[in-house]
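Tertiary structure, described
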Amino acid sequence: MPSRSPSTARVPEQLSLDVVVTRGGLAESRHRVHAAVVSHNGVRLAEARDPELVTWWRSCAKPFQIMPMLRDGTFDALGWGDEELALACASHGSEPEHVAVAERMLAAVGLTEEALACGPHEPLSARGAALLREAGAVPGRLHSNCSGKHAAMLARAAQHRWATGSYAEPSHPVQTDVVAMIAEWTDVPADQIPRSVDGCGVPVFALSLHAMAFAYARLAAQAHAGDPIASRIAHAMTTHAHLVGGTDRFDTLLMRAGGGRLVAKIGAEGVHSVGVLDRGIGLALKVEDGSARAQFPAVLAALQAIGVLPATLPEPLLPLAYTPLHNTREQITGAVFVPGHEVLA
C-alpha cells in the first residue's frame, strides 16, 4: 500500500453503497458492497465498508497487463493502433467488430485462434449472441471476452521469440513482466501479491481495494498529464469504448456518458475499477457476494456520491442504476438499486 504522511492524511468520506432488491416496497435481498476511492498520491478520499478488503482484481488488471508490450516497443513494431490497444484492455461482447480485431492481431504474428489459451464462451452482449445465433455458428476462442488480451500476450511472446505455447504459464516472461508491472502501479511488492488462475487461464492477482484504486488513480493522473503509456491507454479506451465492452456493455455506456473523463473496467465476481482522468482519482469496488445485478448500481452510486456523475444520470445509465424487476406476467414486482439513489436515478 502507498505510504500516506500525516500532513496529507484525512478522514475518508463514508459511503453507503449496499444494494437492495425490493418486492412490494420491502427489501427482499441485500448485497454488501466494499469500496475505496483514492487520490493519485495515495490518500484515501472515500470508502464503503472495508476498503482494505483483499480480493481478486480479475479483468480490471487488463490496462496494466498490456503495459509491458507498450514499454518494450513490440506493440508499435507490429504497427498496431488504438483499436488493438482498446481490445487488449477489453472484456468485450464478442460482436463482429471485436472478433475481427482479435483475429487481425493474431494474423500480425502469423497465428490463428487455435493458439489462444482462453476457451470459448457465449457472447456477453445481446447483439453478439444474436448475430452468432442468426449465423448458425458456435462461439470459438476469438469470442472469449479476453481474446484481445490473449492475442496481445501471444504477439509479444512471438515478437521476442519466446515460446508461444506456454505464454499463459506463471513462469513465462510475458506473465512475470505483467506481475512486475502490477507491482509498480499498485506499489505492492511482487512477492506480496497472491496469484491464482483467472477465468481465461492466465494469472490473476489479489490486492486490496485501496491498492486497486491507487493504481487507477495513478493511471488517470498520468494519462491526464500526458505520460506516453498511460495517455495512450486512456485515449484508446475512451475513444474506442465500443471495443472495450460492446453495444449493451456497462463500461462502454459509462465511458461514453463520461465524455472522455472516465476509464472504466469491469471484472468478474462483482469487482470494478474506474479512473477519473481530470481529477486523478481512482475507485475500486467489490460486491461481497459477487452478484452482477448489484455491481452497476453500486458503481454509479459511488461515482454520484463523489461528484463524478450528476445526481440525475444521463439516459443510457438510468436503467443500470435503478433496475425494475418483472415477474413472468411482466408485472413490475420491485427493483434493484442503492437506497438514496432510487429517486435521483
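Scroll up for the structure.
Every chain begins its residue count from 1, and numbering advances along the sequence as written. Given that this is a predicted model, residues contribute local features only at a pLDDT of at least 70 and side-chain atom pairs are listed and counted only at 80 or more, while totals for whole chains, interfaces and linings are drawn from all residues. Calculated side-chain values reflect all of the structure's heavy atoms, with hydrogen atoms and water omitted.

1. Brief notes about the pairing of strand 11 (residues 281–287)
Most of strand 11 is tucked away, with seven of its seven residues classed as buried. Note on exposure labels: buried denotes an accessible area under 20% of the residue type's maximum, exposed denotes more than 50%, and partly exposed covers the range between, all computed with a 1.4 Å probe on protein chains only. Numbering goes from the N terminus for both helices and strands, where a helix is a DSSP run of H or I of at least four residues and a strand is a run of E of at least two. Taking every second residue as pointing to the same face, both faces of strand 11 are buried, with Ile281, Leu283, Leu285 and Val287 on one and Gly282, Ala284 and Lys286 on the other. Two strands are counted as paired when DSSP detects at least two bridges linking them. Bridge analysis of strand 4 (residues 33–39) against strand 11 gives seven bridges, and the strand direction is antiparallel. Bridging across to strand 11, Ala35 finds its partner in Leu285. Adjacent in sequence and paired antiparallel, strand 10 (residues 271–276) and strand 11 are bridged by four residues, among which Gly280 carries a positive phi angle near 60 degrees.

2. Brief notes about the pattern of salt bridges
Salt bridge criterion: a side-chain nitrogen from Lys or Arg within 4 Å of a carboxyl oxygen from Asp or Glu. Enumeration according to the criterion identifies 15 salt bridges in this entry. Between Glu52 and Arg44 there is a salt bridge, with its nearest N and O atoms 2.4 Å apart. For Glu52, a relative accessible area of 27% puts it in the partly exposed group. Under the relative-accessibility criterion, Arg44 is labelled buried at 12%. Note that Asp76 is salt-bridged to Arg232, the shortest N-O span being 2.8 Å.

3. Section: the sheet that holds strand 5 (residues 44–48)
Ordered in space as 1-5-4-11-10-9, the six strands form an open sheet in which the pairing is mixed. A strand with exactly one partner marks an edge of an open sheet, and here the two such strands are strand 1 (13–14) and strand 9 (262–267). Where helix 9 (residues 209–225) meets the sheet, its contacts fall on strand 4, strand 5, strand 9, strand 10 and strand 11, and the angle it forms with strand 11 comes to roughly 145 degrees. Any two residues having at least one pair of non-hydrogen atoms within 4.5 Å are treated as being in contact. Lines fitted to C-alpha atoms define the axes, with helix axes restricted to the stretch in contact, and inter-axis angles between N-to-C directions lie between 0 and 180 degrees.

4. Details of helix 6 (residues 126–134)
All of the buried residues along helix 6 are Gly128, Ala129, Ala130 and Leu132. Backbone geometry just downstream of helix 6 places Gly136 in the positive-phi region, at approximately 65 degrees.

5. Side note on the state of the cysteines
Disulfide: a pair of cysteine sulfur atoms within 2.5 Å of each other. Tallied over the full model, the rule gives zero disulfides. Here Cys60 is not disulfide-linked; the sulfur of Cys146 is the nearest cysteine sulfur, at 11 Å. Relative accessible area serves as the criterion here: at 0%, Cys60 is assigned to the buried category. Not part of a disulfide, Cys89 finds its nearest cysteine sulfur in Cys146, a span of 12 Å. Judged by relative accessible area, which is 0%, Cys89 ranks as buried.

6. Some details on the layout of surface pockets
Buried and open spaces are told apart on a 1 Å grid over the protein atoms alone, a cavity being a set of points where a 1.4 Å probe fits but cannot get out and a pocket being an open set with protein on both sides within 12 Å along at least five of seven lines. Residues with an atom within 4 Å of a point are the lining residues. Grid points are joined across faces, edges and corners, and a volume is the space filled by probe spheres set on the points. What the largest pocket holds in volume is close to 350 Å³. Taken together, 23 residues make up the lining of the largest pocket; nearest its centre are Arg58, Ser59, Leu124, Asn145 and Ala268. Of all the elements in the fold, those that place two or more residues in the lining of the largest pocket are strand 9 and helix 13 (292–305). The greatest single-element share of the lining of the largest pocket, amounting to three residues, is contributed by helix 13.

7. Side note on empty space enclosed by the protein
Applying the stated criterion across every chain, the model contains one cavity of 30 Å³ or more. Within this model, the largest cavity holds a volume of roughly 90 Å³. Taken together, Lys62, Gln65, Ile66, Pro68, Met69, Ala88, Lys149, Ala152, Met153, Arg156, Val174 and Val178 make up the lining of the largest cavity. Of all the secondary structure elements, the ones that give two or more residues to the lining of the largest cavity are helix 1 (62–65), helix 2 (67–71), helix 7 (147–159) and helix 8 (173–186). The element contributing the most residues to the lining of the largest cavity is helix 7, with four residues. As a working rule, the residues Ala, Val, Leu, Ile, Met, Phe, Trp, Tyr, Cys and Pro are called nonpolar, Asp, Glu, Lys and Arg charged, and the rest polar, with Gly in that last group. Taken together, the residues that form the lining of the largest cavity break down as eight nonpolar, one polar and three charged.

8. Re the packing of helix 7 against helix 8
Orientation of helix 7 relative to helix 8, taken along the N-to-C sense of each, is 115 degrees, at an axis distance of 10 Å. Across the interface between the two elements, Met153, Arg156 and Ala157 of helix 7 pack against Pro173, Val174, Gln175, Asp177 and Val178 of helix 8. Taken together, the residues that form the contact of helix 7 with helix 8 break down as five nonpolar, one polar and two charged.

9. Let's talk about the side chain of Arg156
Locating Arg156 in the fold gives a position in helix 7. Here Arg156 falls in the buried class, since its relative accessible area comes to 7%. We define a polar contact as two N or O atoms separated by no more than 3.5 Å, with the added condition that, inside protein, one atom must be a possible hydrogen donor and the other a possible acceptor, whereas residues neighbouring each other in sequence contribute only through side-chain atom pairs. Only 2.9 Å separates the side chain of Arg156 from the side chain of Asp177, close enough to count as a polar contact. Residues in contact with Arg156, not counting those within four places in the same chain, are Pro68, Met69, Asp72, Thr74, Trp162, Pro173, Val174 and Asp177.

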